[in-house]
Amino acid sequence: MKIVKKLEINKPIDQVWDVLGNQFADIYKWSSLIESSEVSGNPTFPGVSFSIRSTLTTAGPTKQELTSFNPAQHNLSYKAIAGTPFFFKSVNAKWSLAKAGADSTNLVLDFEVKFKGLFFLLTPLVKLKLGKVGAELLDDFKYYVENGKALARK
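In short, a report on the structure.

Calculation notes
Residues numbered from 1 in each chain as written. Predicted model: local features only at pLDDT ≥ 70, side-chain atom pairs only at ≥ 80, totals over all residues. Heavy atoms only, no water. Helix = DSSP H or I, 4+ residues; strand = E, 2+ residues; numbered from the N terminus. Expected span 1.5 Å × (residues − 1). Buried < 20%, exposed > 50% of the residue type's maximum accessible area, 1.4 Å probe, protein only. Contact = heavy atoms within 4.5 Å. Phe/Tyr/Trp six-rings, centres within 6.5 Å; stacked < 30°, edge-to-face > 60°. Lys NZ or Arg CZ within 6 Å of the ring centre and 35° of its normal. 1 Å grid on protein atoms, 1.4 Å probe; cavity = no way out; pocket = protein on both sides within 12 Å on 5 of 7 lines; lining within 4 Å. Points joined across faces, edges and corners; volume = space filled by probe spheres on them. Nonpolar A, V, L, I, M, F, W, Y, C, P; charged D, E, K, R; others polar. Core = buried A, V, L, I, M, F, W, Y, C linked by side-chain atoms within 4.5 Å. Salt bridge = Lys/Arg side-chain N within 4 Å of Asp/Glu carboxyl O.

1. Things to note about helix α2 (residues 123-147)
And step 1. In this model α2 runs 35 Å from its N-terminal to its C-terminal C-alpha over 25 residues, within 8% of the 36 Å that 1.5 Å per residue would give.
And step 2. If you check which residues of α2 are buried, you get Val126, Leu130, Gly131, Gly134, Leu137, Leu138, Asp140, Phe141, Tyr144 and Val145.
And step 3. Along its buried surface, α2 packs onto β1 (2-9), α1 (13-22), β6 (88-101) and β7 (104-115).
And step 4. Following α2 by one or two positions, glycine 148 adopts a phi angle in the positive range, close to 75°.

As C-alpha cells, then:
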C-alpha cells in the first residue's frame, strides 16, 4: 500500500532542507505527533552522525533507520524498525524536496506499507488513518518551516 502526500512550502529549498535533513533528529520540535526524539547508531551516510532515530509518539515509542540521505538532491528515506503495528511487515518513508520557485519548495512524502499475510484486508482502514497522520505531519512541518515555531496544537 502506498500513500503519497504533497504540498508547497513558502521558503527556499535550502531552508526547508535545513529542517528536514540537517535537523532530522529534532522532529519533536515541530511535529504534534512526536513528544521526544533522540538519535543513535553508527553513521552510514556522509554528513550524518547517526543511523537511527528513536521517537516517543502519542501512540508510543518508535524507531526509524535511515536508508538514504542525499543533501545534494534534497531527499532522505527511512524504514521503521520498531513501534509499528504487529500486522505490518514493513513501513518505509521517503521525503523529497524540489525547487518550486525562488522562495518556494515542493515537498513529497511517500509512505509504503506492506502487510503480513491476510492483514492486507485492512488496507482501506490503514490508508485512511495513515493519510490523516501524513496530512497532520506535513501541516506541522510546513507551519514550522514557514513560521519558525510549532503550531499551537504542539
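Additional details are given in the paragraphs that follow.
2. Here's the deal with the packing of aromatic side chains
And step 1. For the coordinates displayed, the defined rule picks out 11 aromatic pairs.
And step 2. Arranged with centres 5.4 Å apart and planes meeting at 85°, the rings of phenylalanine 86 and phenylalanine 119 form a pair that is edge-to-face. Pair noted here: phenylalanine 86 is in the loop between β5 (75-82) and β6 and phenylalanine 119 is in the loop between β7 and α2, with a separation of 33 residues, a long-range link.
And step 3. Relative to phenylalanine 88, the ring of phenylalanine 87 has its centre 5.1 Å away and its plane inclined at 90°; by these criteria the two rings are edge-to-face.
And step 4. Residue classification places phenylalanine 87 among the buried positions, given a relative accessible area of 16%.
And step 5. One aromatic cluster is present, built from ring pairs that chain together Phe86, Phe87, Phe88, Phe115 and Phe119.
And step 6. Residue placement shows arginine 53 over the ring face of phenylalanine 24; its charged tip is 3.8 Å from the ring centre.
And step 7. Against the face of tyrosine 78 rests arginine 53, its NZ or CZ located 5.4 Å from the ring centre.

3. Digging into the layout of surface pockets
And step 1. Taken as a whole, the largest pocket encloses approximately 830 Å³ of empty space.
And step 2. If you go around the largest pocket, you meet 33 residues; those closest to its centre are Thr57, Thr62, Gly83, Leu130 and Val133.
And step 3. Going through the elements one at a time, β3 (52-57), β4 (60-70), β5, β6, β7 and α2 are the ones with two or more residues in the lining of the largest pocket.
And step 4. Take the lining of the largest pocket: its biggest share by element is six residues, from α2.
And step 5. Taken together, the residues of the lining of the largest pocket break down into 21 nonpolar, nine polar and three charged.

4. Points about the nonpolar core
And step 1. Ranked by internal contacts, the top residues of the largest apolar core, which has 37 residues, are Trp30, Leu76, Trp95, Leu107, Leu109 and Phe141.
And step 2. At the level of secondary structure, the elements contributing two or more residues to this core comprise β1, α1, β4, β5, β6, β7 and α2.
And step 3. Of the residues forming this core, the biggest block, seven residues, is contributed by α2.
And step 4. Setting aside residues no more than four positions away along its own chain, tryptophan 30 makes contact with Val19, Trp95, Leu137, Asp140, Phe141, Tyr144, Ala150 and Lys154.

5. What about unusual backbone geometry?
And step 1. Although it is not a glycine, histidine 74 adopts a positive phi angle of roughly 55°.
And step 2. Along the polypeptide, histidine 74 turns up in the loop between β4 and β5.

6. What to know about the pattern of salt bridges
And step 1. As enumerated under the stated definition, the model contains five salt bridges in all.
And step 2. The partner of lysine 2 in a salt bridge is aspartate 110, with the nearest N and O atoms 3.1 Å apart. Of this pair, lysine 2 sits in strand β1 while aspartate 110 sits in strand β7; the two residues are 108 residues apart in sequence, bridging distant segments of the chain.
And step 3. Across the salt bridge formed by aspartate 140 and arginine 153, the nearest N and O atoms sit 2.6 Å from each other. Separated by 13 residues along the polypeptide, aspartate 140 in helix α2 and arginine 153 in the segment after α2 bring together distant segments of the chain.
And step 4. A relative accessible area of 0% means that aspartate 140 is categorised as buried.

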